[in-house]
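Fold and geometry: a report
Read off the chains here:
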Amino acid sequence: PTFAKEEKTDGIKLPIIMYHSIVKNEDRSGEYVITPIELEKDLLYLKQNGYTTVFVNDVIRYVKRGGELPEKPIILSFDDGTYNYREYLLPLLEKYGFPALFAIVGEYTKFNKNNPKVSKTYTYFDFEDVAEINRSKYVEIAAHSYYLHHFGKRQGVKIKKYEDKTAYCEMLEKDTRLLEKSLLQAGVRPRVYAYPFGAYCAESEQVIKRLGYEMSLTCNEGINCVKTPENLFLLKRLNRSGTGKSVEAMFAEYGY
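No experiment lies behind these values; they were computed from the predicted model shown. (Residues numbered from 1 in each chain as written. Predicted model: local features only at pLDDT ≥ 70, side-chain atom pairs only at ≥ 80, totals over all residues. Heavy atoms only, no water.)

Of all 5 residues in strand E8 (residues 139-143), 5 are buried; the element is thus mostly enclosed. Here E8 shows two buried faces, one formed by Val139, Ile141 and Ala143 and the other by Glu140 and Ala142. Relative to E8, strand E7 (residues 100-104) runs parallel, the two sharing 5 bridges. Residue isoleucine 104 lies in a different strand from E8, and its bridge partner there is alanine 143. With respect to chirality, the unit in which E7 leads through helix H4 (residues 127-134) into the neighbouring parallel E8 is right-handed. (Buried < 20%, exposed > 50% of the residue type's maximum accessible area, 1.4 Å probe, protein only. Helix = DSSP H or I, 4+ residues; strand = E, 2+ residues; numbered from the N terminus. Pairing = 2+ DSSP bridges. Right-handed = clockwise from strand over helix to strand, strands pointing away.)

Structure follows, in structure tokens:
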């Protein structure tokens, strides 16, 4: 492949495609649910049009140590760790030789394959599954919070109005450390923090940077331009809706 060395002066364009659940029944397709057929159409389009999916670690290396990236790099990100990734996603990653980033929510791991109350369509990986998929050469794991992936008094990990900043930072650090502890037991040390619902604040960025994260992901729509380590925070993602535009259509819209 050709490598984008010259572009280093201006930074390199980096789209991140965001997926969620993969369900075979197309009647269940929605904003965060896609069929395996639609997913494979995206992957085939990328393969046939010279795009190269890259590991997050490749991007971090590129900006920090001047490594190389392929000419049209993209990141595929899959949020929440739904169990259907095992059946539908992993075989496709292997078939196309594409790496992907899986963002794991600690709390969701209790809704796993051994839980009789859980619908088979919306079952999640437990930490044993995470350890297993992490052995795949096509998978990287990101942190997606432990107990903070819901709307309540707080929007995801975002600070509440009038909340004490010190108490807030302690809360987020404790939640993140809890997830890291379980991931570490599964053999994973995450370098990327994917914000639940894309909700973030200045304080959350301070906490995750202090904890050593090298990249954070939002749900703001757009294509990134990366050049320096600071560009790796608050990265935008393009949500691939099961009822919306294909990756081909989204790229056409952004001229990529």
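Attention now goes to the packing of helix H1 (residues 36-48) against helix H7 (residues 247-254). Axis separation between H1 and H7 bottoms out at 9 Å; the angle between their running directions is 50 degrees. As the angle between them shows, H1 and H7 are arranged oblique. In this structure, H1 uses Asp42, Tyr45 and Leu46 to contact H7, whose residues at the interface are Val247, Glu248 and Phe251. Split into classes, the residues belonging to the contact of H1 with H7 amount to 4 nonpolar, no polar and 2 charged. (Axes fitted to C-alpha atoms, helices over the stretch in contact; angles between N-to-C directions. Parallel < 35°, antiparallel > 145°, perpendicular 65-115°, else oblique. Contact = heavy atoms within 4.5 Å. Nonpolar A, V, L, I, M, F, W, Y, C, P; charged D, E, K, R; others polar.)

For the rest of this paragraph, the subject is the packing of H1 against helix H3 (residues 84-96). At a minimum axis distance of 11 Å, the contact between H1 and H3 shows a crossing angle of 20 degrees. Taken as axis vectors, H1 and H3 run roughly parallel relative to one another. Note on packing geometry: the crossing formed by H1 with H3 is right-handed. From H1, Pro36, Leu39, Glu40, Leu43, Leu44 and Lys47 reach across to H3, where they touch Tyr88, Leu89, Leu92, Lys95 and Tyr96. (Left-handed = near helix turned anticlockwise from the far one by under 90°.)

Such coordinate-based values are descriptive only and should not be taken to indicate function.
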